[in-house]
Amino acid sequence: MFFADRMVEKFLPDLATQGLDLDDPQDQQLFADFAQARTYVSMLLGETRSPFVAYLAGQMESAGTPGAPPEPIAASLELASDLGDPRAACMSERFSTSHPGMNANLVMIAYSGLSASATR
């Protein structure tokens, strides 16, 4: 799990500021590492059904999307609540308040994908 968390920290600044140049060997390696971590998190979500992994999956989905949209994170908070984290509802409410322009349809699409990984 910590490998995936580190990949988000490593990947997000590059993607958010300048994107990736897939002709650059360093960016190719970063992308390959991120893809490996994303696959690992999806597998862990299905195996553990851990709220922490749900949070991480949402963060990775957001980090892997240009502009780092908030909708995957909102979806992960909802999934974490469904997986039993009693703090998730409060965190979700605060997150929604701080991101008032979120697209509810995109949140539901992200939730469907995350939820499918958790129930395999």
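I will try to describe carefully the structure that is included in this document.

Definitions and limits used
Residues numbered from 1 in each chain as written. Predicted model: local features only at pLDDT ≥ 70, side-chain atom pairs only at ≥ 80, totals over all residues. Heavy atoms only, no water. Patch = residues over 30% accessible without salt bridge, like charges linked within 9 Å, V, L, I, M, F, W, Y side chains within 5 Å. Areas by Shrake-Rupley, 256 points an atom, 1.4 Å probe, with all protein chains shown as cover. Salt bridge = Lys/Arg side-chain N within 4 Å of Asp/Glu carboxyl O. Helix = DSSP H or I, 4+ residues; strand = E, 2+ residues; numbered from the N terminus. Buried < 20%, exposed > 50% of the residue type's maximum accessible area, 1.4 Å probe, protein only. Core = buried A, V, L, I, M, F, W, Y, C linked by side-chain atoms within 4.5 Å. Contact = heavy atoms within 4.5 Å. 1 Å grid on protein atoms, 1.4 Å probe; cavity = no way out; pocket = protein on both sides within 12 Å on 5 of 7 lines; lining within 4 Å. Points joined across faces, edges and corners; volume = space filled by probe spheres on them. Axes fitted to C-alpha atoms, helices over the stretch in contact; angles between N-to-C directions. Parallel < 35°, antiparallel > 145°, perpendicular 65-115°, else oblique. Left-handed = near helix turned anticlockwise from the far one by under 90°. Nonpolar A, V, L, I, M, F, W, Y, C, P; charged D, E, K, R; others polar.

**Structural notes on a nonpolar patch on the surface**
Point 1. A grouping of F3, Y40 and M43 is seen on the molecular surface, where their side chains present a nonpolar patch of about 260 Å² in accessible area.
Point 2. Among the structural elements, M43 can be located in helix α2 (residues 25-48).
Point 3. M43 gets classed as partly exposed once you look at its relative accessible area, which sits at 38%.

**Regarding the nonpolar core**
Point 1. Ranked by size, the top nonpolar core spans 30 residues in total, and within it V41, L45, M60 and L79 carry the most contacts.
Point 2. Put simply, the parts of the chain that give this core at least two residues each are α1 (2-17), α2, α3 (51-63), α4 (71-82), α5 (88-98) and α6 (104-118).
Point 3. When sequence neighbours within four positions are dropped, the list of residues in contact with L45 reads S50, V53, A54, A57, L79, L83, L114, S117 and A118.

**Digging into the side chain of S62**
Point 1. Along the chain, S62 falls in helix α3.
Point 2. Here S62 is in contact with A68, P69, P72 and I73, once residues within four sequence places are set aside.

**Comments concerning the environment of A37**
Point 1. Residue position: A37 is located in helix α2.
Point 2. Linking A37 and P66, residues 29 residues apart in sequence, is a C-alpha distance of 18 Å.
Point 3. Among all residues touching A37, those that are not within four sequence positions of it are F3, A4, M7 and M60.

**Section: the layout of surface pockets**
Rolling a probe over the atoms, with the probe sized like a water molecule, indicates the empty space that remains.
Point 1. When its volume is computed, the largest pocket comes out at roughly 290 Å³.
Point 2. Taken together, the elements giving at least two residues each to the lining of the largest pocket come down to α2, α3, α4 and α6.
Point 3. Top contributing element to the lining of the largest pocket by residue count: α6, with 6 residues.

**Regarding the packing of α4 against α5**
Point 1. Running from N to C, α4 and α5 cross one another at 160 degrees; their axes reach a closest spacing of 8 Å. Comparing the axis directions of α4 and α5 gives the class roughly antiparallel. Note on packing geometry: the crossing formed by α4 with α5 is left-handed. Of the residues in α5, those in contact with I73, A74, L77, E78, A80 and S81 of α4 are A88, M91, S92 and F95.
Point 2. Class assignment of the residues belonging to the contact of α4 with α5 gives a composition of 7 nonpolar, 2 polar and 1 charged.

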